[in-house]
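Fold and geometry: a report
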Amino acid sequence: MKHITIDMPIVAECLANKCAYNVNMKCHARAITVGNSMHAGCDTFFSGSGHTQAAGRTAGVGACKSTNCKFNEDLECMTDSIRVAPKGQEVNCMTFQPR
Ligand code: SF4
Ligand code: SF4
């Protein structure tokens, strides 16, 4: 496997414990994708009982499509870290702030 080094905002906390990438309220995907133009939802959410074994990994925000967030520049998240949590039927980026 080839490796790249890239600066990304970290996913500091995620309260969606029904997601397969969630262990102990932390996201352990390599990187997540957030949002569309309407909602800052976590597109990487995957409902499953088999949680990831990669519990030492800290996730980053690989891409964000929520262009109406003030932290979004050129379809990328530019803040230092985000928090994610369930909200109604969705799992949203709680760091979202409208422009
Ligand atoms: S940030 Fe998204 S992919 Fe990561 S644990 Fe939370 S819902 Fe799952
Ligand atoms: S803070 Fe804004 S730009 Fe960053 S992931 Fe959340 S919605 Fe996207």
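Above: the structure in question.
Residues numbered from 1 in each chain as written. Chains lettered and ligands numbered in written order. Predicted model: local features only at pLDDT ≥ 70, side-chain atom pairs only at ≥ 80, totals over all residues. Heavy atoms only, no water.

Description of empty space enclosed by the protein
So the rule is basically this: Within this scheme a cavity is a closed region of a 1 Å grid, computed over the protein atoms alone, that accommodates a 1.4 Å probe without allowing it to escape, whereas a pocket is open but has protein on both sides within 12 Å along at least five of seven lines; lining residues each have an atom within 4 Å of a point. Grid points are joined across faces, edges and corners, and a volume is the space filled by probe spheres set on the points. Think of it as three bins: nonpolar holds Ala, Val, Leu, Ile, Met, Phe, Trp, Tyr, Cys and Pro, charged holds Asp, Glu, Lys and Arg, and polar takes everything else, Gly as well.
Going through the model one piece at a time under the given rule, you end up with two cavities of 30 Å³ or more. Here the largest cavity defines a volume of roughly 110 Å³. The wall of the largest cavity is formed by 14 residues, among which Cys64, Cys69, Cys77, Ile82 and Cys93 lie closest to the centre. Looking at the lining of the largest cavity residue by residue, the classes come out as 10 nonpolar, four polar and no charged. Here the second largest cavity defines a volume of roughly 80 Å³.

Let's talk about the site of ligand 2
Selection criterion: The near set for a molecule or strand comprises every residue that places at least one heavy atom within 4 Å of it. More than half of a molecule's atoms within 2 Å of the grid points is what it takes for that molecule to sit in a cavity or pocket.
Near ligand 2 you find Val34, Ala40, Cys64, Ser66, Cys69, Phe71, Asn72, Cys77, Ile82, Cys93, Thr95 and Phe96, and these make up its full shell. A majority-of-atoms criterion places ligand 2 in the largest cavity. Across the shell around ligand 2, the residue classes tally to nine nonpolar, three polar and no charged.

Quick notes on the nonpolar core
This is how it is decided: For our purposes a nonpolar core is just a set of buried Ala, Val, Leu, Ile, Met, Phe, Trp, Tyr and Cys residues, chained together by side-chain atoms within 4.5 Å. Per-residue accessibility, obtained with a 1.4 Å probe over protein chains only, is compared with the maximum for each type, and a residue is labelled buried under 20%, exposed over 50%, and partly exposed between these values. Going along the chain from the N terminus, every DSSP run of H or I of four or more residues is numbered as a helix, and every run of E of two or more is numbered as a strand. Contacts are residue-level and defined by heavy atoms, with any inter-residue pair within 4.5 Å sufficient.
The biggest cluster of nonpolar side chains holds 17 residues, and the ones touching the most others in it are Val11, Cys27, Ile32, Val34, Val61, Ile82 and Val84. Listed by contribution, the elements that provide at least two residues to this core are β1 (10-14), β4 (31-34), β5 (60-64), β8 (81-87) and β9 (90-93). When neighbours within four sequence positions are excluded, Val84 is seen to be in contact with Val11, Glu13, Cys14, Leu15, Ile32, Cys42, Val91, Asn92, Cys93 and Met94.

So, the layout of surface pockets
Looking at the largest pocket, its volume works out to about 200 Å³. In this structure, the largest pocket is lined by Met1, Lys2, His3, Ile4, Ile6, Met8, Arg30 and Ala31.

Quick notes on the pairing of β9
In plain terms, the rule: Pairing between two strands is assigned when DSSP locates at least 2 bridges connecting them.
Two elements, β8 and β9, share four bridges in a ladder whose sense is antiparallel. Its bridge partner being in β9, Pro86 is matched across the sheet by Val91. Where β8 folds back on β9, the antiparallel hairpin that results is connected by two residues, among which Gly88 adopts a positive phi of roughly 65°.

What to know about the pattern of salt bridges
Any two side chains of opposite charge can pair, given that their charged atoms come close. This is how the line gets drawn: Salt bridges are counted wherever a side-chain nitrogen of Lys or Arg sits within 4 Å of a carboxyl oxygen of Asp or Glu.
Going through the model one piece at a time under the given rule, you end up with two salt bridges. Where Arg83 meets Glu13, a salt bridge forms, and the shortest distance between an N and an O atom there is 2.8 Å. Residue Arg83 is located in strand β8, and its partner Glu13 is located in strand β1; the two are separated by 70 residues in the primary sequence. Since its relative accessible area comes to 38%, Arg83 is described here as partly exposed. Notably, a salt bridge pairs Lys65 with Asp43, separated by 2.7 Å at the nearest N-O pair. Highlighted residues: Lys65 in the loop between β5 and β6 (72-73) and Asp43 in the loop between β4 and β5, separated in sequence by 22 residues. By relative accessible area, which is 39% here, Lys65 ends up partly exposed. What makes Asp43 partly exposed here is its relative accessible area of 44%.

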